[in-house]
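For reference, the chains in residue letters:
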Amino acid sequence: MDRRISWVVLWPLLLWPGLADAGPLDQLGIEVQTTRARPPLPLRPFDHAWPPANLVPDSRPGLGTLDVAEAWLVEPTTRYGHGVLGDAVEAAGLLVILRDGRRLSYRLPDDSVFEDLQPRVADLDNDGREEIIVVRSRPGAGAALAVFHVEGGSLSPRAETPAIGRSNRWLNPVGIGDFDGDGGPEVAYVETPHIGGTLRIWQLIGDQLAQVGKLHGFSNHAIGSRELGLSAVLDLDGDGSDDLLLPDATRRSLRLVSFARRRFTELGRLEHEREIDTAFTVGDQDGNGRDDIAYGLADGAWVLLLR
């Protein structure tokens, strides 16, 4: 499912030499430009969504394209005092609004929370119905990736990865795509992005999540930040498999990673003087009909990867 939004740049690029070296990405047909002017960001579809009354602060809906219209994190709670996302408030409930108008909810037992700010909605098994993917955390066990689905008119858990194994250990999803090129989607996340993060890729098989790949040395989150989107999913080399773009463990290097045929290959790397600090935006920056990538650094610079 492709919900990316394209736009055309109507402003001149103000180049700032020396921040990024475009050489390693030339083989992918990517031109690197840097600017002090913030690029025009697309209007996000969820800006027009109508939030429920018991919404978790700063959370955003996941939007579907099939049977699920919206998914929200609701019922704020302070029963899990980790605060990795900037405060001690997490979600105790998940609300799903179906395309036919039905509203279904699931409330977690007191032993866990949704340590997340935005559910992800995707058809993980290609059955024409969408699953909802969220981060679930438990005291003593830490975070796991949980998959919910609509079954028999109710919202219920379907699958979950093993928890990290310690309290206050967290994971941040990277994205969903056909990373191995087999025609079906996988979901990727970075486990412990603040302490030597590991990229893990999982596939939903029946009612189980099976790990199909892992690679060390990544971070897609700054501790205490509300911004979770330091990554992008895009087929960079045209081989039919989705590739992953995400920072390394220091967040000063962008890594472009392929998992085609279930083998990790680094397609390119881009070094920066400061940490990658904003969400990645995918869209047509230069008006040539191809998706580009834009993101910001901690010193206020913006990096454009033009394809």
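Residues numbered from 1 in each chain as written. Predicted model: local features only at pLDDT ≥ 70, side-chain atom pairs only at ≥ 80, totals over all residues. Heavy atoms only, no water.

With antiparallel pairing, the four strands of this open sheet are ordered in space as β11-β12-β13-β14. Each edge of the sheet is formed by a strand with only one pairing partner; in this case those strands are β11 (171–177) and β14 (208–218). Strand-to-strand twist of the sheet, defined as the mean angle between neighbouring strand axes without regard to direction, takes the value 20°. Both β11 and strand β12 (residues 186–191) contribute to a ladder of six bridges, which runs antiparallel. Bridge assignment links Asn-172 to a residue of β12, and that residue is Val-190. (Pairing = 2+ DSSP bridges. Helix = DSSP H or I, 4+ residues; strand = E, 2+ residues; numbered from the N terminus. Axes fitted to C-alpha atoms, helices over the stretch in contact; angles between N-to-C directions.)

The subject of this paragraph is the side chain of Arg-255. With respect to the helices and strands, Arg-255 occurs in strand β17 (residues 253–258). Residue classification places Arg-255 among the buried residues on the basis of a relative accessible area of 12%. Among the polar contacts made by the side chain of Arg-255, one reaches the main-chain carbonyl oxygen of Gly-217 at a distance of 3.4 Å. Engagement of the side chain of Arg-255 in a polar contact is seen with the side chain of Glu-266, the distance being 2.6 Å. Apart from the residues within four sequence positions on either side, Arg-255 is in contact with Leu-215, His-216, Gly-217, Phe-218, Leu-244, Leu-245, Leu-246, Asp-248, Glu-266, Gly-268 and Arg-269. (Buried < 20%, exposed > 50% of the residue type's maximum accessible area, 1.4 Å probe, protein only. Polar contact = N/O pair within 3.5 Å; in protein donor to acceptor, adjacent residues only side chain to side chain. Contact = heavy atoms within 4.5 Å.)

Our focus in this paragraph is the sheet that holds β17. Spatial strand order, β15-β16-β17-β18: four strands in an open sheet with antiparallel pairing. One side of each edge strand has no neighbouring strand; the edge strands of this open sheet are β15 (232–234) and β18 (265–271). Across the sheet, the axes of successive neighbouring strands diverge by a mean angle of 20°, strand direction being ignored. Sheet topology places β15 next to strand β16 (residues 243–247); three bridges connect them, and they run antiparallel.

All right, on to unusual backbone geometry then. In this structure, Glu-75 is a non-glycine residue whose phi angle is positive, near 60°. Mapped onto the fold, Glu-75 is located in strand β3 (residues 68–77).

Confidence in the prediction for the protein chain averages 91 pLDDT; 90% of positions are at 70 or higher. Counting interchain partners and residues more than four positions distant, the pLDDT-below-50 stretch residues 1–23 has 70 contacts. (pLDDT = per-residue confidence, 0-100.)

Our next topic: the pattern of salt bridges. This structure, assessed with the given rule, holds 20 salt bridges. With its nearest N and O atoms 3.6 Å apart, the salt bridge here joins Arg-129 to Asp-127. Glu-266 serves as the salt-bridge partner of Arg-255, at 2.6 Å between the closest nitrogen and oxygen. Of this pair, Arg-255 sits in strand β17 while Glu-266 sits in strand β18, and the two are eleven residues apart along the sequence. Under the relative-accessibility criterion, Glu-266 is labelled partly exposed at 35%. (Salt bridge = Lys/Arg side-chain N within 4 Å of Asp/Glu carboxyl O.)

Bringing the environment of Trp-202 into the picture now. Position of Trp-202 relative to the elements: it lies in strand β13 (residues 197–205). On the basis of relative accessibility, which here comes to 7%, the residue Trp-202 falls in the buried class. Leaving out residues up to four positions away in the same chain, Trp-202 has contacts with Thr-161, Pro-162, Glu-186, Val-187, Tyr-189, Leu-209, Ala-210, Gln-211 and Val-212. Reaching out from Trp-202, the side chain makes a polar contact with the side chain of Tyr-189 at a distance of 3.3 Å.

This next bit is on the nonpolar core. Membership of the largest hydrophobic core comes to 22 residues, with the highest contact counts inside it found for Leu-245, Leu-254, Leu-256, Phe-280, Tyr-295 and Leu-305. Contributions of two or more residues to this core are made by β15, β17, β18, β20 (292–296) and β21 (302–306). Beyond its immediate chain neighbours, meaning those up to four positions away, Phe-280 contacts Gly-229, Leu-230, Ser-231, Ala-232, Leu-245, Pro-247, Leu-254, Ile-293, Ala-294 and Tyr-295. Membership of the second largest hydrophobic core comes to 19 residues, among which are Leu-85, Leu-124, Ile-133 and Tyr-189. (Core = buried A, V, L, I, M, F, W, Y, C linked by side-chain atoms within 4.5 Å.)

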